[in-house]
Amino acid sequence: MIANLGDEADSNLEMGKPKYHVERQVMSEERLEVMAQWSKKTEPSLKDKLKENVRCSSSKAKSLLFKFVPILHWLPKYPYQEWLLGDICSGLSVGIVQLPQSMAYALLAAVPPVYGLYTSFFPVLIYFIFGTSRHVSVGSFAVLSVMLGTITERIAPDEDFVISSQNNTNGTVDIDIEARDLMRVKAATMVTFLCGIFQIMLGLIRFGFVVTYLSDPLVRGYTTGAAVHVLVSQLKYVFSIAIPRKNGPLSLIYTLIDVIKALHLTNTGTLVVSIIAMSTMFAVKVINDRFKSKLPIPIPIELIEVIIATVIASNVDLVGKYGIQVVGHIPKGLQAPVPPDFSIASSLVGSAFALAIVGYGITISLGKIFALKHGYQVDSNQELIALGLSNFVGGFFQCFAVSCSMSRSLVQETTGGNTQLAAAVSSVVILVIILEIGALFSQLPKAVLASIVIINLKGMFEQVTDIFFFWRTNKIDLIVWIVTLICTVLLGMDLGLAASIAFALLTVIFQAQFPKYSILGQIPKTDIYRDVSQFDAAKEIPGIKIFQSSTTIFFANAELYEEALKQVSGINVSKLVTKKKKKITALKKKLQKQEKKKDKKQQKQQKLSESGTNGPATITENIDNNNSISLEMDSDLDLPSKVSKKPEEFSLESLGLQKPNVHSLILDFSPVNFVDTVCIKILKNIFRDFKEIEIDVYLSGCHWAIIEQFEQGGFFGKNISKSQIFTTVHDAVLYCMMKNNPSTDQALHMNGTLSLPPSQDDEQESTLACAGSTQF
């Protein structure tokens with residue numbers, strides 16, 4: 001037998017049409033629980049969980065240590081011969097790129113460039129120890145820097161540091177730049193410190209999943225909008241014009257207006273330097289992209305331009321002759337740790353949380369891309385802790401908030417980087433620059449740094465092509481992308497992010513409230529059921545309606561589910577129930593009249609009996625042609641009349657109403673992943689209303705977790721039991737057909753014999769005795 005089955009299977013496979021054969025009983029949830037021996041496992045109490053978590057052992061302590069300090073796990077196993085050379089080359093390349101970028105992004109953060117160098121050293125070392133991603137390059141990043149610049153300029157605007165002078169008659173004002181920069185550095189370090197606290201706390205409570213609310217369309221739309229902010233913020237350095245930085249909604253529009261108004265004050269020398277720097281940098285980056293497979297490392301055009309511009313500016317005196325702004329004094333050596341200024345902490349909490357979420361979201365998104373490509377795991381919670389510690393420690397060393405840079409991460413990967421050892425090498429490069437070389441860049445024009453920032457926005461602006469991709473794939477994602485871009489541009493980086501997340505969540509709620517409702521039909525000679533409006537071969541089973549929603553059912557859409565069910569099924573339940581109640585009310589009134597007549601006749605009969613007439617008397621009253629109410633009265637018994645049938649027990653046909661051509665309704669719950677009390681209440685109403693019009697309701701495809709929620713919510717009771725829940729739609733269909741005595745044609749349509757679960761009805765029990773098993 002087995003050999004024959006094997007030969008048959010081989011022949012089917014050779015024909016390219018594999019088949020399978022299943023023979024079993026029709027399975028309700030009640031029967032399945034008995035057969036599968038379902039046991040409810042109790043969850044450990046909170047007290048037991050706490051005991052387990054705080055219990056300490058040497059193996060557990062070692063595991064936790066390796067988990068929180070990943071370098072202890074991977075560094076002893078590091079394959080020096082295979083990876084060391086690649087990591088060193090990669091680290092040198094990243095360090096070379098990081099030098100100009102860190103100084104340029106410091107301008108975005110509205111702090112002196114040297115603090116960008118500090119940010120590229122201390123946080124990178126911390127991430128090297130605690131991070132789990134091998135390829136992301138942590139440090140300054142344009143999006144976070146422009147968010148930080150908005151914060152620092154809000155805390156320390158130029159207007160607060162104007163030096164009053166009676167000699168100024170030309171309309172210009174003097175600003176105490178040193179005091180202003182000192183205050184902005186305090187604001188930047190404090191918000192970075194708070195950002196680190198938030199990230200560490202979220203990581204410890206294992207809140208890494210929060211990044212799931214930052215969907216890919218949202219992140220890409222947000223970074224594109226941020227790129228617009230970055231571009232506008234650098235225009236004042238490109239044209240060398242003095243304009244106040246705006247904050248709040250529509251600040252970008254107001255800034256653009258100010259730039260246009262101040263264009264007549266453009267410094268020609270600065271504009272020429274900017275155009276030359278941007279054009280050459282753009283051309284070399286195009287060459288890098290086109291010949292990246294042939295170049296061992298990308299041409300470090302940013303570093304080359306920084307060196308050339310510094311040399312030219314030092315020898316030509318660009319400041320004195322042409323009035324070109326330069327970086328200025330860069331102190332030599334590292335700064336001693338300084339505690340953050342907590343006096344301004346209360347005004348920075350919200351901004352710090354936004355920085356924490358955005359920085360983490362960008363890092364984990366890029367980290368998971370590299371992890372998937374190279375076949376390793378990234379711990380999302382540990383990444384939160386690693387970034388948090390980087391920002392926390394950086395807050396003491398006058399650094400600003402860090403994330404990963406896409407351009408530097410690609411350099412780290414493409415130049416042979418295999419682990420975070422490359423990050424350590426790049427930090428050594430930055431350390432050498434801080435200690436020995438940094439002071440040489442004091443004559444570097446700010447226009448060159450602004451050009452570096454603008455050209456490095458190329459990748460973000462290229463995300464505009466996402467519009468065409470999302471138009472083809474998912475219109476909802478397209479709307480999220482566009483709305484996020486608009487909110488970020490118009491409302492600013494912080495409010496724009498909040499509004500974008502809120503809108504993205506609204507789209508989820510919208511899709512849950514308005515899902516796709518379907519009436520399912522059977523694909524002939526299979527146990528497969530599909531939407532009859534989408535599949536021409538799918539045919540409805542006579543007398544059976546199978547209803548499915550494409551999403552879960554909860555408080556936000558439960559009533560809509562009920563309305564859609566009654567509408568799509570084509571059964572006017574409310575109308576039938578109302579007509580039935582009216583008929584019943586009319587019957588009750590007739591019954592009351594009969595009771596009055598009966599009382600009078602009883603009194604009359606009593607008088608006759610007192611006068612000597614004995615014997616039983618029977619009174620029969622006909623209500624209508626369709627049904628009758630028999631009233632029996634025995635003169636020997638002093639009892640009220642007995643009604644043989646209550647009006648509520650009459651069927652639709654006995655009441656003169658047309659019975660629906662559907663006897664069974666199956667609700668496919670396979671897409672449902674949770675239910676709440678509102679859903680349970682609506683389901684009870686559905687069972688009650690359809691029972692009123694003599695339609696049996698069944699559920700199919702319920703996950704075991706749904707069954708547990710039904711039990712906890714009091715769904716099962718006198719009128720609803722687990723015997724009305726089936727494992728599959730096909731099981732429910734077979735049960736309904738046998739219960740309602742299917743015709744021969746229907747039985748052939750199902751292509752098999754049937755077996756039903758036990759029933760309370762004796763007639764069904766006799767059917768069960770004759771039934772066999774399900775085949776399809």
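What comes next is a walk through the structure. (Residues numbered from 1 in each chain as written. Predicted model: local features only at pLDDT ≥ 70, side-chain atom pairs only at ≥ 80, totals over all residues. Heavy atoms only, no water.)

### Section: the overall build of the chain
Within the chain one finds 31 helices and 15 strands. Within the span of the chain, comprising 776 residues, buried residues form 47% of the whole. Put simply, of all contacts in the chain between residues at least 6 apart along the chain, 79% involve residues at least 24 apart. Surface accessibility of the chain: about 39800 Å² in total, with carbon and sulfur atoms responsible for 60%. (Helix = DSSP H or I, 4+ residues; strand = E, 2+ residues; numbered from the N terminus. Buried < 20%, exposed > 50% of the residue type's maximum accessible area, 1.4 Å probe, protein only. Contact = heavy atoms within 4.5 Å. Areas by Shrake-Rupley, 256 points an atom, 1.4 Å probe, with all protein chains shown as cover.)

### Overview of the nonpolar core
Formed by 116 residues in total, the largest nonpolar core has its most connected members in Met103, Val143, Met147 and Leu355. Here the element with the most residues in this core is helix H16 (residues 349-374); it accounts for 12 residues. Leave out the neighbours within four places in its chain, and valine 143 touches Tyr222, Thr223, Ala226, Val358, Met460 and Met493. The next biggest cluster of nonpolar side chains, apart from the first, holds 41 residues, and it includes Ile519, Leu665, Phe669 and Cys702. (Core = buried A, V, L, I, M, F, W, Y, C linked by side-chain atoms within 4.5 Å.)

### Focus on the packing of helix H22 (residues 466-473) against helix H23 (residues 475-491)
For the pair H22 and H23, the least separation of the axes is 6 Å and the interaxial angle reads 150°. Taken as axis vectors, H22 and H23 run roughly antiparallel relative to one another. Of the residues in H23, those in contact with Asp466, Ile467, Phe470, Trp471 and Thr473 of H22 are Lys475, Asp477, Leu478 and Trp481. In terms of residue class, the contact of H22 with H23 is built from five nonpolar, one polar and three charged. (Axes fitted to C-alpha atoms, helices over the stretch in contact; angles between N-to-C directions. Parallel < 35°, antiparallel > 145°, perpendicular 65-115°, else oblique. Nonpolar A, V, L, I, M, F, W, Y, C, P; charged D, E, K, R; others polar.)

### Topic: the layout of surface pockets
Of the volumes computed, that of the largest pocket is approximately 1600 Å³. Taken together, 50 residues make up the lining of the largest pocket; nearest its centre are Asp158, Ile177, Arg180, Gln325 and Lys446. Residue assignment for the lining of the largest pocket shows that the elements contributing at least two residues are helix H6 (80-108), helix H7 (114-119), strand S4 (174-175), helix H10 (177-204) and helix H11 (216-239). At seven residues, the largest contribution of residues to the lining of the largest pocket is made by H10. Of the residues belonging to the lining of the largest pocket, the class tally is 27 nonpolar, 11 polar and 12 charged. (1 Å grid on protein atoms, 1.4 Å probe; cavity = no way out; pocket = protein on both sides within 12 Å on 5 of 7 lines; lining within 4 Å. Points joined across faces, edges and corners; volume = space filled by probe spheres on them.)

### A closer look at the pattern of salt bridges
Taken as a whole, this structure holds 19 salt bridges when the rule is applied. A salt bridge links aspartate 181 to arginine 180; the nearest nitrogen and oxygen atoms lie 3.1 Å apart. What makes arginine 180 buried here is its relative accessible area of 15%. When the shortest N-O distance is used, the salt bridge between lysine 545 and glutamate 540 registers 3.0 Å. On the basis of relative accessibility, which here comes to 35%, the residue glutamate 540 falls in the partly exposed class. Several salt bridges share partner residues, and in doing so they unite Glu153, Asp158, Arg180, Asp181, Arg184 and Lys236 into one network. (Salt bridge = Lys/Arg side-chain N within 4 Å of Asp/Glu carboxyl O.)

### Quick look at the sheet that holds strand S14 (residues 725-726)
Here we have six strands laid out as an open sheet, ordered S7-S6-S8-S12-S13-S14, and mixed in their pairing. The sheet is open, and its two edges are formed by strand S7 (529-531) and S14, each paired on a single side. As paired strands, strand S6 (residues 517-522) and strand S8 (residues 544-549) are joined by three bridges and run antiparallel to one another. The residue bridging serine 518 from the neighbouring strand is glutamine 548, located in S8. Where helix H27 (residues 677-692) meets the sheet, it contacts strand S12 (664-668) and strand S13 (696-700), and its direction lies at approximately 145° from that of S13. (Pairing = 2+ DSSP bridges.)

### Describing helix H13 (residues 268-290)
Taking 1.5 Å as the rise per residue, H13 with 23 residues should run 33 Å; its terminal C-alpha atoms sit 33 Å apart, in good agreement. Three or more residues of H13 are buried, namely Thr270, Ser274, Ala277, Met278, Met281, Val284, Lys285 and Asn288. Contact partners of the buried residues in H13: H11, helix H14 (301-316) and helix H20 (446-455). N-cap assignment for H13: the residue whose side-chain oxygen lies 3.0 Å from the backbone N of glycine 269 is asparagine 267. (Expected span 1.5 Å × (residues − 1). Polar contact = N/O pair within 3.5 Å; in protein donor to acceptor, adjacent residues only side chain to side chain.)

### Observations concerning the pairing of S6
In terms of burial, S6 is largely enclosed, as six of its six residues are buried. Side chains Tyr517, Ile519 and Gly521 of S6 all project onto a buried face; the interleaved residues Ser518, Leu520 and Gln522 project onto the opposite face, where all are buried too. Bridge analysis of S6 against S7 gives three bridges, and the strand direction is antiparallel. Across the sheet, leucine 520 pairs through a bridge with aspartate 531, a residue of S7. Remark: six residues form the turn of the hairpin made by S6 and S7, two consecutive strands paired antiparallel; lysine 525 in that turn has positive phi of roughly 65°.

### Focus on the packing of aromatic side chains
Scanning the entire structure with this criterion turns up 27 aromatic pairs. When the ring of phenylalanine 469 is compared with that of phenylalanine 470, the centres are 5.4 Å apart and the planes differ by 65°; the resulting orientation is edge-to-face. A residue is classified by how much of its surface remains accessible, and phenylalanine 470, at 5% relative accessible area, is buried. When the centroid spacing of 5.1 Å and the interplanar angle of 40° are considered together, the rings of phenylalanine 726 and tyrosine 735 count as tilted. Each member of the pair phenylalanine 726 and tyrosine 735 is classed as buried. Taken together, the aromatic side chains of Trp74, Tyr78, Tyr80, Trp83 and Phe128 make up a single cluster linked through ring pairs. Over the aromatic face of tyrosine 376 sits the side chain of arginine 134, whose NZ or CZ is 4.5 Å from the ring centroid. Above the plane of the ring of tryptophan 471 lies lysine 475, whose end atom (NZ or CZ) is 4.7 Å from the centre. (Phe/Tyr/Trp six-rings, centres within 6.5 Å; stacked < 30°, edge-to-face > 60°. Lys NZ or Arg CZ within 6 Å of the ring centre and 35° of its normal.)

### Section: the pairing of S8
Of all six residues that make up S8, six are buried, and the element is covered over most of its length. Burial along S8 is two-sided: the face carrying Ile544, Ile546 and Gln548 and the face carrying Lys545, Phe547 and Ser549 are both buried. Sheet topology places S8 next to S12; five bridges connect them, and they run parallel. Across the sheet, residue phenylalanine 547 finds its bridge partner in S12, namely leucine 667.

### Some details on the environment of tyrosine 213
With respect to the helices and strands, the residue tyrosine 213 is situated in the loop between H10 and H11. It is 7.8 Å that separates the C-alpha atoms of tyrosine 213 and leucine 505, two residues lying 292 residues apart in sequence. Those residues in contact with tyrosine 213 that sit more than four places away from it in its chain are Leu218 and Leu505.

### Thoughts on the side chain of threonine 363
Here threonine 363 shows up in helix H16. Of the polar contacts made by the side chain of threonine 363, one reaches the backbone nitrogen of cysteine 404; its length is 3.4 Å.

### Quick notes on the packing of H6 against H20
It is at 9 Å that the axes of H6 and H20 come closest, and there the two elements cross at 95°. Taken as axis vectors, H6 and H20 run roughly perpendicular relative to one another. In this structure, H6 uses Pro100, Gln101, Met103, Ala104, Tyr105, Leu107 and Leu108 to contact H20, whose residues at the interface are Lys446, Leu449, Ile452 and Val453. Residues that form the contact of H6 with H20 fall into these classes: nine nonpolar, one polar and one charged.

### Here's the deal with the environment of tyrosine 517
Looking at where tyrosine 517 falls in the secondary structure, it is placed in strand S6. Leaving out residues up to four positions away in the same chain, tyrosine 517 has contacts with Phe547, Gln548, Ser549, Asn557, Leu560, Tyr561, Ala564 and Val568.

### Here's the deal with empty space enclosed by the protein
Following the criterion strictly, the structure yields three cavities of 30 Å³ or more and no others. Approximately 60 Å³ is the volume attributed to the largest cavity. In terms of lining residues, the largest cavity is bounded by Leu214, Leu218, Val219, Tyr222, Val358, Gly361, Ile362 and Leu497. Residues that form the lining of the largest cavity fall into these classes: seven nonpolar, one polar and no charged.

### Things to note about a positive patch on the surface
A cluster of basic residues, Lys583, Lys589, Lys590, Lys593, Lys596, Lys597 and Lys600, forms a positive patch at the surface. Within the secondary structure, lysine 597 is located in helix H26 (residues 573-610). (Patch = residues over 30% accessible without salt bridge, like charges linked within 9 Å, V, L, I, M, F, W, Y side chains within 5 Å. Lys, Arg positive; Asp, Glu negative; His and termini not counted. Charge placed at Lys NZ, Arg CZ, Asp CG, Glu CD.)

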